[in-house]
Amino acid sequence: MGESKRVVYWIRRLSDIAAIGWLAMMLLVDFVVAGTRGGLQWTVAICGVAGIAAVILRRRFRVETFVAVLALSFVVSLVIGLTGFVGVPGSAETGALIILTIGVLRHVEPVKRAAVFGAAALVALMAEGIARDPRNELVFSFMLFTAWTMTAAVGGYLRFQQERRKEAVHSVRRAERLELARELHDLVAHHITGIVVQAQAARTVADMKPDAVLPALDAIATAGTEALTSMRRLVTVLRTEDEADRRPGTSLADLRLLTERFSANGPRVAFEIGSGIDDRTLPPEVMTTIHRVLREALTNIRKHAPGASWVEAELRRFDQRVLLRIRNFGSAADPRLSRLGGGFGLVGMAERVEALGGRLYAGPGSDGAWEVVAEFPAA
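Once a new chain begins, its residue numbering starts again from 1 and follows that chain's sequence as written. Where local features are concerned, this predicted model is filtered to residues with pLDDT of at least 70; where side-chain atom pairs are given and counted, the filter is 80 or more; whole-chain, interface and lining totals use all residues. Hydrogen atoms and water are omitted, and side-chain values are computed over all heavy atoms in the structure.

A.B. asks: Quick question: what am I supposed to make of a nonpolar patch on the surface here?
C.D. replies: Like charges within 9 Å and nonpolar side chains (Val, Leu, Ile, Met, Phe, Trp, Tyr) within 5 Å are joined into patches, using only residues over 30% in relative accessible area that form no salt bridge. For the accessible areas, the method is Shrake-Rupley and the probe is 1.4 Å, while residue cover comes only from the protein chains on display. By definition, a salt bridge exists where a carboxyl oxygen of Asp or Glu is found within 4 Å of a side-chain nitrogen of Lys or Arg. There is a patch of nonpolar side chains on the surface, built from Phe74, Leu78, Leu82 and Val123 and spanning about 400 Å² of accessible area. Under the DSSP-based scheme used, a helix requires at least four consecutive residues in state H or I and a strand at least two consecutive residues in state E, with every element numbered from the N terminus. Summarising the element assignment, valine 123 is placed in helix H5 (residues 111-131).

A.B. asks: In this structure, what is going on with the pattern of salt bridges? I would like to understand it.
C.D. replies: Between side chains of opposite charge, a pair can form as their charged atoms come close. Scanning the model with the defined rule gives 14 salt bridges in all. A salt bridge links arginine 59 to aspartate 16, with the nearest nitrogen and oxygen atoms 3.0 Å apart. Residue arginine 59 is found in the loop between helix H2 (41-56) and helix H3 (62-83), and its partner aspartate 16 is found in helix H1 (residues 2-37); the two are separated by 43 residues along the sequence. Exposed residues in this analysis have more than 50% of their type's maximum accessible area, buried residues have under 20%, and partly exposed residues fall in between, with area computed by a 1.4 Å probe over protein chains only. Arginine 59 gets classed as partly exposed once you look at its relative accessible area, which sits at 40%. Notably, a salt bridge pairs arginine 321 with glutamate 375, separated by 3.1 Å at the nearest N-O pair. Note that arginine 321 is positioned in strand E3 (residues 321-329) and glutamate 375 in strand E5 (residues 370-377), a separation of 54 residues in sequence. Under the relative-accessibility criterion, arginine 321 is labelled partly exposed at 26%. Overlapping salt bridges bring together Glu272, Glu314, Arg316 and Arg325 as one network.

A.B. asks: What's the story with the packing of aromatic side chains in this structure? I'm lost.
C.D. replies: Given two aromatic rings, one states the distance between the centres and the angle between the planes to describe the pair. Put simply, two rings from Phe, Tyr or Trp (the six-membered ring, in Trp's case) pair if the centres are within 6.5 Å, and we call them stacked under 30 degrees between planes, edge-to-face over 60, tilted for the rest. In total, this model carries three aromatic pairs according to the counting rule given. Note on phenylalanine 31 and tryptophan 42: the rings are 6.0 Å apart at their centroids and 55° apart in plane angle, and the pair reads as tilted. One end of the pair, phenylalanine 31, is in helix H1; the other, tryptophan 42, is in helix H2, and 11 residues separate them in sequence. Each ring, one from phenylalanine 66 and one from phenylalanine 117, has its centre 5.6 Å from the other, and the planes form 65°; the classification is edge-to-face. With phenylalanine 66 in helix H3 and phenylalanine 117 in helix H5, this residue pair connects regions lying 51 residues apart in the sequence. Across this residue pair, the class does not change: phenylalanine 66 and phenylalanine 117 are buried.

A.B. asks: Can you help me understand the confidence of the model for the chain in this one?
C.D. replies: Any residue range with low pLDDT should be treated as having predicted coordinates unsuitable for detailed reading. Here the chain shows a mean pLDDT of 79. Residues at 70 or above account for 80%. pLDDT under 50 marks residues 240-248. Its contacts with residues more than four places away, or in other chains, come to 19 contacts. In the model, residues 333-344 has pLDDT below 50 throughout and makes 20 contacts with residues more than four positions away in sequence or in other chains. Per residue, pLDDT captures the predictor's confidence, and it can take any value from 0 to 100. Any two residues having at least one pair of non-hydrogen atoms within 4.5 Å are treated as being in contact.

A.B. asks: What's the story with the nonpolar core in this structure? I'm lost.
C.D. replies: Soluble globular proteins: nonpolar side chains tend toward being buried together. We call a set of buried Ala, Val, Leu, Ile, Met, Phe, Trp, Tyr and Cys residues a nonpolar core when their side-chain atoms join them within 4.5 Å. Ranked by internal contacts, the top residues of the largest apolar core, which has 35 residues, are Ile290, Leu298, Leu315 and Ile326. Of all the secondary-structure elements, those providing two or more residues to this core are helix H8 (252-265), strand E1 (268-273), helix H9 (284-304), strand E2 (310-318), E3, helix H10 (344-355), strand E4 (359-364) and E5. Per-element tally for this core: the top contributor is H9, with eight residues. Setting aside anything within four residues of it in sequence, one finds isoleucine 326 in contact with Leu294, Ala297, Leu298, Ile301, Val311, Glu312, Ala313, Trp370, Glu371 and Val372. Listed in part, the 26 residues of the second largest apolar core include Leu70, Val104, Ala124 and Leu125.

A.B. asks: Hey, could you run me through unusual backbone geometry in this one?
C.D. replies: With the exception of glycine, the majority of residues adopt a negative phi angle, and the majority of peptide bonds are in the trans configuration. Residue proline 110 is bonded to the preceding glutamate 109 through a cis peptide linkage, with omega at -5°. When you line up the elements, proline 110 lands in the loop between helix H4 (91-107) and H5.

A.B. asks: Looking at this structure, I do not really get the sheet that holds E1. What am I missing?
C.D. replies: Sheet strands line up and pair through hydrogen bonds in the backbone, either parallel or antiparallel. Any two strands are treated as partners once DSSP identifies two or more bridges connecting them. Read across the sheet, five strands follow the order E1-E2-E3-E5-E4 without closing on themselves; strand pairing throughout is mixed. Strands with a single pairing partner mark the edges of an open sheet, and in this sheet they are E1 and E4. In this sheet, neighbouring strand axes are inclined to one another by 10° on average, regardless of whether the strands run parallel or antiparallel. Pairing of E3 with E5, which is carried by eight bridges, proceeds in the antiparallel orientation. Looking at the pairing, arginine 325 lines up with valine 373 of E5. For every element, the axis is a line fit to its C-alpha atoms; helices are fit only across the contacting stretch, and the angle between N-to-C directions ranges from 0 to 180 degrees. Here H8 sits on the sheet and contacts E1 and E2; the angle it forms with E1, its principal contact strand, is near 165°.

Next up, the structure:
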């Protein structure tokens with residue numbers, strides 16, 4: 001991911017350097033023309049200098065630089081037209097206006113405001129062609145109008161692609177919220193089931209072993225606290241609109257805690273996290289899904305392989321892929337779960353993993369151990 005960002009950064013830098021170099025060459029032409037014609041033609045060269053400065057600063061002051069160059073260009077055209085001086089439209093000035101207009105049409109919000117700025121750019125360019133050289137105004141006006149038409153087409157296309165991307169991001173977020181809502185349902189059901197089971201057990205042993213009730217109540221309180229904490233995490237994600245806060249909250253520590261709790265009441269789990277993996281290297285949705293797959297696999301071991309002697313779990317990274325593998329030893333594979341046919345939890349996990357661009361397999365391994373393997377893209 002970092003390498004991709006660096007590539008994009010340098011491509012942007014090189015494109016900026018190329019644009020500035022192109023405008024600088026055009027500015028040299030403007031200075032040559034100004035030295036030949038003299039007079040007010042020097043103001044055209046000054047507009048070119050201002051245009052290059054605006055292009056350099058356009059990412060920081062997009063609207064301000066565009067308006068400043070637009071106003072300066074129009075004033076120069078008006079002065080030249082009123083004085084009757086026969087000049088030539090500035091090439092660097094026109095090139096800068098084209099670059100600035102593309103940026104405005106692509107980024108300025110709302111769209112109506114960007115359209116108004118695009119129309120203002122057309123007025124300024126037409127003023128260049130009509131007022132600065134009355135003898136060739138038709139030729140220059142046609143050339144500048146053609147340039148503006150191409151500019152509007154490029155800016156409009158980039159704007160269209162940007163709007164499509166926004167809509168796609170919105171759709172992904174909406175789908176993620178629905179998935180998190182389903183996860184919230186599953187999580188609450190999981191915790192509430194545990195609370196109910198422990199409460200029933202405490203009631204059963206209350207008469208025979210009163211001293212066992214207090215630990216059961218402590219376990220119920222702990223499970224309730226965990227349920228509330230998990231619910232707050234997911235509800236916060238569902239309510240949050242900002243991307244920076246859209247973190248489900250699952251971490252590697254949560255994965256270790258899950259295996260430790262399983263080991264306390266079931267087969268021993270050996271969980272290993274490979275090098276190159278930490279809480280920052282994996283996207284939040286991948287971390288959440290890894291937690292879900294691990295929990296579902298351990299739950300299935302408890303349900304369908306109670307005789308398993310021990311469980312091996314590992315999370316490793318290979319190039320641009322992350323692999324989660326859970327294997328249980330000492331217990332025969334449950335045929336009801338072969339090919340994901342008998343466990344709706346694993347079927348749901350397979351759909352979720354595939355939605356993230358990964359794959360999930362559950363079945364007997366080459367050595368006979370039952371295993372669940374989930375593969376995810378790392379970025």
